[in-house]
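Summary of structural features
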Amino acid sequence: MYQTDLPMRLLLVLLILFCNTNLQAQDYFKYHEGIIKAEEQIFVKQQYDEGLKTYADIFKKYDFVFAHDCVMAMQIALFRNNEKLFLQFTTKAMQNGLTIKHFDSRMMAYFQKHPIYNQYKDSIASIYRLNRPYYLKRIDTIALGKMTQLFSNDQLEKNGLPTLTMKNNERRYLPQITETMNQLLKLIAERGYPSDRLIGIDCQNLLRELSTTRMTPLDYYKKYKGDPCCNISQSQFEFDEYALSSGMIMPVIIHYGGDVKDRFDKRKYLSYPDSFYIRQIKNGYMHPKDLAFLYDYGFNNGGTFTGTVNTNNGEKFFDVGIKGGAVRTINITDAEINKIRKAFYIAPIENDRIKISFMQKHGMFIGWGWAGTRS
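Rules and cut-offs
- Each chain has its residues counted from 1, running along the sequence as written.
- Totals for whole chains, interfaces and linings use every residue, but because this is a predicted model, local features are given only for residues with pLDDT of at least 70 and side-chain atom pairs only at 80 or more, for both listing and counting.
- The basis for the side-chain values is all heavy atoms of the structure; hydrogens and waters are excluded.
- Numbering goes from the N terminus for both helices and strands, where a helix is a DSSP run of H or I of at least four residues and a strand is a run of E of at least two.
- Only the C-alpha atoms count toward the radius of gyration. The rule for a globule is 2.2 Å times the residue count to the power 0.38.
- Any residue under 20% of the maximum accessible area for its type is buried, any over 50% is exposed, and the rest in between are partly exposed; the area is computed with a 1.4 Å probe on protein chains only.
- Each accessible area is a Shrake-Rupley estimate made with a 1.4 Å probe; only the visible protein chains count as cover when residues are assessed.
- When charges are counted, neither His nor the chain ends are considered; positive counts come from Lys and Arg and negative counts from Asp and Glu.
- Charge positions are represented by NZ for Lys, CZ for Arg, CG for Asp and CD for Glu.
- Salt bridges are defined as contacts in which a side-chain nitrogen from Lys or Arg sits within 4 Å of a carboxyl oxygen from Asp or Glu.
- In protein, a polar contact requires one atom able to donate a hydrogen and another able to accept it; more generally it is a pair of N or O atoms within 3.5 Å, and residues adjacent in sequence count only if both atoms are side-chain atoms.
- Residue contacts follow a heavy-atom distance rule, with two residues in contact if any of their heavy atoms lie within 4.5 Å.
- The pairing criterion for strands is at least two bridges between them, as found by DSSP.
- Orientation is described by axes fitted as lines to C-alpha atoms, over the contacting stretch for helices, and by angles from 0 to 180 degrees between their N-to-C directions.
- For this classification, under 35 degrees means roughly parallel, over 145 means roughly antiparallel, 65 to 115 means roughly perpendicular, and everything else is oblique.
- Each crossing gets its hand from how the near helix is turned against the far one by less than a right angle, where anticlockwise is left-handed and clockwise is right-handed.
- Three classes are used, and their members are as follows: Ala, Val, Leu, Ile, Met, Phe, Trp, Tyr, Cys and Pro are nonpolar, Asp, Glu, Lys and Arg are charged, and the others, Gly among them, are polar.

A count of helices and strands for the protein gives 19 helices and three strands. Taken over C-alpha atoms, the radius of gyration comes to 22 Å for the protein, in line with the 21 Å a tight globule of 375 residues would show. Counting only C-alpha atoms, the protein reaches 65 × 60 × 45 Å along its principal axes. Across the 375 residues of the protein, 51% fall into the buried class. Split by element, the accessible area of the protein, about 18,400 Å² in all, is 53% carbon and sulfur. Distance from the positive charge centre (49 side chains) to the negative charge centre (39 side chains) of the protein: 1 Å.

Moving on, we come to the pattern of salt bridges. Applying the stated rule across the entire model yields 16 salt bridges. K355 is the salt-bridge partner of E39, the closest N and O atoms lying 3.3 Å from each other. Placement of the pair is E39 in helix α2 (residues 28–44) and K355 in helix α19 (residues 349–361), with a sequence separation of 316 residues. For the residue pair E39 and K355, the accessibility class agrees, reading buried in each case. R132 is the partner of E209 in a salt bridge, and the nearest nitrogen-oxygen pair spans 2.6 Å. Here E209 is found in helix α13 (residues 206–209), whereas its partner R132 is found in helix α9 (residues 121–138), with 77 residues between them in sequence. Of the residues examined, R132 reaches a relative accessible area of 6% and is grouped as buried.

With respect to the helices and strands, the residue D27 is situated in the loop between α1 (8–25) and α2. A distance of 3.0 Å separates the side chain of D27 from the backbone nitrogen of F29, its partner in a polar contact. What D27 contacts, discounting residues up to four positions off in sequence, is Y62 and K282.

Okay, the pairing of strand β2 (residues 304–308) next. Where strand β1 (residues 300–301) lies against β2, two bridges are found, and the strand directions are antiparallel. Bridge pairing in β2 links N301 to T304. Here β1 folds back onto β2, and the loop between the two strands holds two residues, one of which, G302, carries a positive phi near 70°. As paired elements, β2 and strand β3 (residues 329–331) share three bridges and run parallel to each other. Bridging from a neighbouring strand, T306 pairs with T329 of β3.

Across the sheet, three strands lie side by side as β1-β2-β3; this open sheet has mixed pairing. The sheet is open, and its two borders are formed by β1 and β3, each paired with just one other strand.

We now examine the packing of α2 against α19. Viewed as axis vectors pointing N to C, α2 and α19 meet at an angle of 60°, and their least axial separation amounts to 9 Å. The orientation of α2 with respect to α19, classified from their angle, is oblique. Crossing of α2 against α19: the hand is left-handed. Across from E39, E40, F43 and V44 in α2, the residues of α19 making contact are N351, D352, I354, K355, F358 and M359. For the contact of α2 with α19, the per-class residue count stands at five nonpolar, one polar and four charged.

In structure tokens form, the structure reads like this:
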């Protein structure tokens, strides 16, 4: 037995205090409230400098933050020609997965044209080299390897084989996606919800950087291309790294819900009660808009979001993402949507519309998250 000079009662008190302190530090409800406040100050009230200060205060309080929030703040810092905060936010973003590669993409067009960014290119490279190890150290390598395996297995299995009928392809795939989903639920129970905080943002060679022997998605493609048991293309195994989020879990959930569950069930992409997802959001393991997408997608009928929200059956609709001027055909008002959004720490829909309009007007990138869901 472990020996100590401290009385057991004192040890228990210290343990309780330690756990309570950690719980307070991990309260991401307050994080999302802070991000909502910053965006309202900037995009709704045009209080740009006050909003930048709110961003800075939030980023100081949390070790893990969502990388796309940092890049949003970086763009506004450039908009205000604030060199100090631009570099400060860049450092925080790189501690949470941003790379030099991202700056060379279409996502960073606003940066590429800005004199402050061009002035500090060498400094940004140094910031990256200094902070990349910090980011890598935080990642749960076991969870990342397992989630990569589940994602890749589903990509190998999901397409029908040309030698089989549609019915036989369905018989072949249903048990496969069911087993993949069962393994995903087991992973969540053992390691936590596999998203940005646990396994980092999508990066094609992240497992290589972490010096593991686990296969990357493209390793799976190279191993199985041409195999008669699979009908695959390389693009299936390539990430949209510029969404600055972890999206591997989404196809597994979508395929299972769409192919196994009742197609009329608007909650078919939800595997847990809301209380579970709320805990994940509070602990920083799930972004609120990722959950919102799973609810919204339940109303997708052949690519068109239609229907009536029956809240008595636990149905919810958040209307997240960039709609491109499309008319909403879900039978729900903005006021009802905002009530639902507020309960899950998501900004009012009017604020998001103003934000998206501002970003598009100034040529800033806004397509964060799976299919732009976190925009």
